[in-house]
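Analysis of the macromolecular model
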Amino acid sequence: EYMGRTFHFSPMSEGTGPVWVTLPPITAGALATAGLMYPVDLVRALKMSSAAEKNASIFRLTSNFYQVHGLKGFATQGVGPEMLRATYMRVLKFFLFPITHEAMFGKAPSQGSAMTKLVAAAVCSLPEGFTIAPIEVAKIGLQLDKEKRFNNNTQAVIRHVIKTRGWTGLFMGYTGMQYRQTSWTAAYFASLSFWQKESKRFIPQDWVKTQQLAGGLAAGVFGAVFNTPGDVIRSAQQKAYMAETNVAMQSFSIKLCVDGVRDFFRMGGVIYASKGIAGLYAGFQIKAIHLGGSGAFLAMLIPWFKTVMGVDRE
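For clarity, every value in this text was computed on a predicted model and none was experimentally measured. (Residues numbered from 1 in each chain as written. Predicted model: local features only at pLDDT ≥ 70, side-chain atom pairs only at ≥ 80, totals over all residues. Heavy atoms only, no water.)

1. A look at the overall build of the protein
Summing up its helical and strand segments, the protein has twelve helices and zero strands in all. Put simply, the protein runs from its N terminus to its C terminus through helices and strands in the order α-α-α-α-α-α-α-α-α-α-α-α. Sorting the 314 residues of the protein into buried and exposed places 51% on the buried side. Pairs at least 24 apart in sequence give 80% of the contacts found in the protein among residues at least 6 apart. As displayed, the protein has an accessible area near 15,000 Å², and 66% of this comes from carbon and sulfur atoms. (Helix = DSSP H or I, 4+ residues; strand = E, 2+ residues; numbered from the N terminus. Buried < 20%, exposed > 50% of the residue type's maximum accessible area, 1.4 Å probe, protein only. Contact = heavy atoms within 4.5 Å. Areas by Shrake-Rupley, 256 points an atom, 1.4 Å probe, with all protein chains shown as cover.)

2. Points about the side chain of Thr-168
Looking at the secondary structure, you find Thr-168 in the loop between helix H7 (154–165) and helix H8 (174–199). Setting aside its immediate chain neighbours within four residues, Thr-168 contacts Gln-250, Ser-251, Phe-252 and Leu-256.

3. Side note on the packing of aromatic side chains
A full pass over the atoms with the stated rule returns 16 aromatic pairs. Ring centres 4.9 Å apart and planes at 70° place the aromatic pair Trp-304 and Phe-305 in the edge-to-face group. What links up through ring pairs into an aromatic cluster is the set Phe-94, Phe-97, Trp-184, Tyr-188 and Phe-189. (Phe/Tyr/Trp six-rings, centres within 6.5 Å; stacked < 30°, edge-to-face > 60°.)

4. Regarding empty space enclosed by the protein
Evaluation of the coordinates by the stated rule reveals two cavities of 30 Å³ or more. Size it by volume and the largest cavity reaches roughly 150 Å³. In terms of lining residues, the largest cavity is bounded by 17 residues, among which Met-89, Gln-181, Asn-227, His-290 and Leu-291 are the most central. Elements supplying a minimum of two residues to the lining of the largest cavity: helix H1 (23–48), helix H4 (79–105), H8, helix H9 (208–243) and helix H12 (284–308). The dominant element in the lining of the largest cavity, judged by the number of residues it contributes, is H12, at five residues. Of the residues contributing to the lining of the largest cavity, the split by class is four nonpolar, five polar and eight charged. By volume, the second largest cavity amounts to about 80 Å³. (1 Å grid on protein atoms, 1.4 Å probe; cavity = no way out; pocket = protein on both sides within 12 Å on 5 of 7 lines; lining within 4 Å. Points joined across faces, edges and corners; volume = space filled by probe spheres on them. Nonpolar A, V, L, I, M, F, W, Y, C, P; charged D, E, K, R; others polar.)

5. Some words on the side chain of Asn-227
Within the fold, Asn-227 resides in helix H9. According to the relative accessible area criterion, Asn-227 is buried, its value standing at 2%. At 3.0 Å, the side chain of Asn-227 forms a polar contact with the backbone oxygen of Arg-180. (Polar contact = N/O pair within 3.5 Å; in protein donor to acceptor, adjacent residues only side chain to side chain.)

6. With respect to the packing of H9 against helix H10 (residues 254–275)
Viewed as axis vectors pointing N to C, H9 and H10 meet at an angle of 105°, and their least axial separation amounts to 9 Å. The angle between H9 and H10 places the two elements in the roughly perpendicular class. Judged by residue contacts, Gly-230, Val-232, Ile-233, Ala-236, Gln-237, Ala-240 and Tyr-241 of H9 engage Gly-260, Asp-263, Phe-264, Met-267, Gly-268 and Ile-271 from H10. Classifying every residue of the contact of H9 with H10 gives eight nonpolar, four polar and one charged. (Axes fitted to C-alpha atoms, helices over the stretch in contact; angles between N-to-C directions. Parallel < 35°, antiparallel > 145°, perpendicular 65-115°, else oblique.)

This is the structure:
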């Protein structure tokens, strides 16, 4: 019981077997999705981190990246931390969401409303945002490494950040990261069943996997509408942080947290002043493809892997 409300949770309820049986199919679906969507994520990072710059077209950014890293770079540069981050965060959100929903509302997500799903999804995204922050910093450090200082080495980025900023540097841009994770997760899970139901209006009833893909695509793009400004701001923040040369070690403090929130809104103001609302949606097309594609694959692959592995749980 918490704040006068009784929460219900049983590891054996709402399906066959303990909750842990969902981990293998969720992991398989998340890993496959991360691999399929990586090149799109790379282009997204290049575009969004340049939101405050002029003449930062996708063509110019990708051309510059190609000159530095070659064609192979589109599949390998920063792929290690991205595969780790993307797989981990998707496993965490899809594993925790039904558990959180059941604990908070006493029923499985399939029996809940859009509002209960939104709340449960927002809550289950909190540990995800916090724990992926260091991986996110390492990934963008590699993706934006024009001088090849880190030689596509994740540990080199982490060592550099800790050496110059302390361990708190691994959480630079955290406000934007948490906003990004929470907004997309909440919008996706709250709207997924609606979009999948709507897809049945123009997709034959027995084409279930196609319905899952279409519904997941729509839910992913819907989430991107809310998610994109936060991702644009934190990408620009992290790019600016990584480019700084005169930095000081900082210990954890309330002031550091407040400064992080303040810097988030300050960077948002800089982007808005330079390019208006369109600047906060820089690279939205790429973002929509990335999150729409991810949402589609996850909505189809996770249920498919559950069927293949004989898992009967939400």
